[in-house]
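Take a look at the letters that make up each chain.
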Amino acid sequence: MPPKTSFDWANVRKRRFGVWRYRELLPISDNVEPVTMCEGGTPLIKLNRAVDGHVYVKFEGANPTGSFKDRGMTVGVTIAKHIGVKGVVVASTGNTAASAAAYAARAGLACVVVLPRGGVAKGKLAQSLLHGARIVEVDGVFDDALEEVFTEVVINGKKDLYPLNSYNPWRLEGQKTIAFEIVDELSEVPDAIVVPVGNAGNISAIWKGFKELYNYGLISKLPRMIGVQAEGAAPLVATWNRKSETLLEIEKPYTIASAIRIGKPVNWLKALNAVKESNGTFIAVSDNEILNSVKDLAQYEGIGVEPASAASLAGYRKAIDLGILNRDDSVVLIATGHALKDPDTISKIF
Ligand SMILES: *Cc1c(COP(=O)(O)O)cnc(C)c1O
């Protein structure tokens, strides 16, 4: 056979835009111009050495600012620009801030980020500064920062600032494309998806994505959704285990995984429904198990993630031990953010 002399450009172009490739499945009219950096389209990597079986990592650290938050932010900032606000505001454990700062810069919008003082990994704080966000620090944890945003925007009526926390439905619309990509890349629906859970937006969004594909008749089965929290910040695990109808909040959440150090997840009800409907569960893992998983992903697979992301591998291992998942189940672990986000934690491990 003669060597191939040209690329299939139509296909190359089609594959270039992760999130916006699925535009027909996003509720945004054609006349809206996306604010995009070609986010999404992240690698799905099969694990060969850290675990046996059919286990894949969806490496969201490969997004433009290094976390899955970019998938939601491209849609959220697109809408913010379209409706003509002056700027955006977010409370954040760090990655939402980094992403909002970058996309706001690209859109020419102002950006205010509200952060828990001392609770944000160095890389994320640096990104917010780099992209020109105004940083407001509050004493307390993420939940206090979010309350500050609520008070400023909803009660004090700062209508020129558009709030982009994960109660903002547009962000979840962007994040649901993780489900679309998994089906595209695997050409089938895995048995389970394992997701680190903080504010619980991502697990809700991914479930929404799978359900839409199912309802459109594009897939014929649904995966089980397994939500993983750190032991010291596990309000959804407690709520699930005790079958509580209301959220059992944690007043002082603590875990080394700062991205999921959240005691009052805003999307708790959606996440509970996702796990219930999908016949899944919530699992708690210790900081030690998280750090071991960071190390194993890095040293057996070459995949560098921040601590919160490794909760998915730690949760998978626990689910196997507890008999919740079988070794021959096909499973996708969502690796939510990049190792470079949190250099201080890495230097504590080694
Ligand atoms: C935001 C984030 C999470 C948690 O996602 P939620 O949607 O808040 O549940 C997990 N890991 C990383 C790295 C994050 O940035």
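Residues numbered from 1 in each chain as written. Predicted model: local features only at pLDDT ≥ 70, side-chain atom pairs only at ≥ 80, totals over all residues. Heavy atoms only, no water.

Participant: Help me understand the sheet that holds strand β6 (residues 161–163), please; the structure alone is not making it clear to me.
Facilitator: As a general point, the strands of a sheet are linked pairwise by backbone hydrogen bonds and lie either parallel or antiparallel. In space, the 4 strands of this open sheet follow the order β5-β4-β3-β6, with parallel pairing throughout. Looking at which strands have only one partner, the edges of the open sheet turn out to be β5 (134–138) and β6. Each adjacent strand pair in this sheet contributes to an overall mean axis angle of 25°, direction not counted. (Pairing = 2+ DSSP bridges. Helix = DSSP H or I, 4+ residues; strand = E, 2+ residues; numbered from the N terminus. Axes fitted to C-alpha atoms, helices over the stretch in contact; angles between N-to-C directions.)

Participant: How should the pairing of strand β10 (residues 330–335) be read in this particular structure?
Facilitator: Regular strands have side chains that alternate between both faces of the sheet. In terms of burial, β10 is a largely internal element, 6 of the 6 residues being buried. Residues of β10 alternate between two faces, with Ser330, Val332 and Ile334 on one and Val331, Leu333 and Ala335 on the opposite face, all of them buried. With 6 bridges connecting them, strand β2 (residues 54–59) and β10 associate as parallel partners. By the bridge assignment for β10, Lys58 is matched with Ile334. (Buried < 20%, exposed > 50% of the residue type's maximum accessible area, 1.4 Å probe, protein only.)

Participant: What's the story with the UniProt feature "binding site: pyridoxal 5'-phosphate" (unreviewed entry) in the protein in this structure? I'm lost.
Facilitator: UniProt records the feature "binding site: pyridoxal 5'-phosphate" (unreviewed entry) at Asn95, Gly198, Asn199, Ala200, Gly201, Asn202 and Thr336, using the numbering of this structure. The greatest C-alpha distance among the residues just named is 14.3 Å, despite their covering 242 residues of sequence, which places them together in space. For Gly198, a relative accessible area of 8% corresponds to the buried category. Setting aside residues up to four positions removed in sequence, Gly198 forms contacts with Gln229, Ile260, Ile262 and Pro265. Within the fold, Asn199 resides in the loop between β7 (192–196) and α8 (201–215). The contacts of Asn199, once residues within four sequence positions are left out, are Phe142, Leu146, Ser166, Ile262, Lys264, Pro265, Val266 and Asn267. (UniProt positions renumbered as here; feature names shortened; annotations may be inferred. Contact = heavy atoms within 4.5 Å.)

Participant: What is the right way to read the environment of Ala104 from this model?
Facilitator: Inspection of the secondary structure puts Ala104 in helix α3 (residues 95–107). On the basis of relative accessibility, which here comes to 0%, the residue Ala104 falls in the buried class. For the pair Ala104 and Asn199, spaced 95 residues apart in sequence, the C-alpha to C-alpha distance is 22 Å. Aside from chain neighbours lying at most four places away, what touches Ala104 is Val77, Val88, Leu109, Ala110 and Cys111.

Participant: Explain the site of the ligand to me, please; I cannot follow it from the model alone.
Facilitator: Every one of the 15 residues lining the ligand counts as a neighbour, but Lys69, Asn95, Asn199, Ala200 and Thr336 are closest to it. Lys69 has a polar side-chain atom sitting 2.6 Å from an oxygen atom of the ligand. Taking Asn202, its main chain carries an N or O atom lying 2.8 Å from an oxygen atom of the ligand. Protein coverage of the free-state accessible area of the ligand, which is 380 Å², stands at 97%. (Near = heavy atom within 4 Å. Polar contact = N/O pair within 3.5 Å; in protein donor to acceptor, adjacent residues only side chain to side chain. Areas by Shrake-Rupley, 256 points an atom, 1.4 Å probe, with all protein chains shown as cover.)

Participant: Where do I start with the UniProt feature "modified residue: N6-(pyridoxal phosphate)lysine" (unreviewed entry) in the protein in this structure?
Facilitator: Here the UniProt feature "modified residue: N6-(pyridoxal phosphate)lysine" (unreviewed entry) sits at Lys69. Relative to the helices and strands, Lys69 is located in helix α2 (residues 69–83). Note on Lys69: relative accessible area 13%, which makes it buried. Residues contacting Lys69, with those up to four places away along its chain left out, are Asn95, Thr96, Ser99 and Arg171.

Participant: Is there a simple way to explain the packing of aromatic side chains in this structure?
Facilitator: In this description, an aromatic ring pair is defined by two values, namely the gap between the centres and the angle between the planes. All told, the structure shown has 2 aromatic pairs when counted by the stated rule. Consider the rings of Trp240 and Phe282, whose centres lie 5.9 Å apart with planes at 70°: the pair is edge-to-face. Of this pair, Trp240 sits in helix α9 (residues 235–241) while Phe282 sits in strand β9 (residues 281–285), and the two are 42 residues apart along the sequence. On the basis of relative accessible area, Phe282 is assigned to the buried category, the value being 3%. (Phe/Tyr/Trp six-rings, centres within 6.5 Å; stacked < 30°, edge-to-face > 60°.)

Participant: Looking at this structure, I do not really get the domain arrangement of the protein. What am I missing?
Facilitator: Segmenting the protein into domains produces domain 1 (9–67 + 171–347) and domain 2 (69–167). Each of domain 1 and domain 2 was reduced to a C-alpha centroid, and the two centroids are 22 Å apart. If you look at the interface, domain 1 gives 45 residues, while domain 2 gives 35 residues. Between domain 1 and domain 2 the total buried area reaches about 3300 Å² when both faces are included, carbon and sulfur atoms providing 55% of it. The largest contributions to the domain 1 side of the interface with domain 2 come from Val35, Arg171 and Lys341, which together make up 27% of the buried area. For the interface between domain 1 and domain 2, the tally reads 4 salt bridges. (Domains from an automatic or database assignment. Buried area = accessible area lost by both parts, 1.4 Å probe. Salt bridge = Lys/Arg side-chain N within 4 Å of Asp/Glu carboxyl O.)

Participant: What am I meant to see in the packing of α3 against helix α4 (residues 122–130) here?
Facilitator: Between two packed helices, what matters for the description is the angle formed by their axes and the separation of those axes. The geometry of α3 relative to α4 is characterised by a closest axis approach of 8 Å and an angle of 20° between their N-to-C directions. One way to sum up the angle between α3 and α4 is to call them roughly parallel. Where α3 crosses over α4, the handedness of that crossing is left-handed. When α3 is examined against α4, the residues Asn95, Ala97, Ala98 and Ala101 are found in contact with a partner set consisting of Lys124, Gln127 and Ser128. Residue composition of the contact of α3 with α4, by class: 3 nonpolar, 3 polar and 1 charged. (Parallel < 35°, antiparallel > 145°, perpendicular 65-115°, else oblique. Left-handed = near helix turned anticlockwise from the far one by under 90°. Nonpolar A, V, L, I, M, F, W, Y, C, P; charged D, E, K, R; others polar.)

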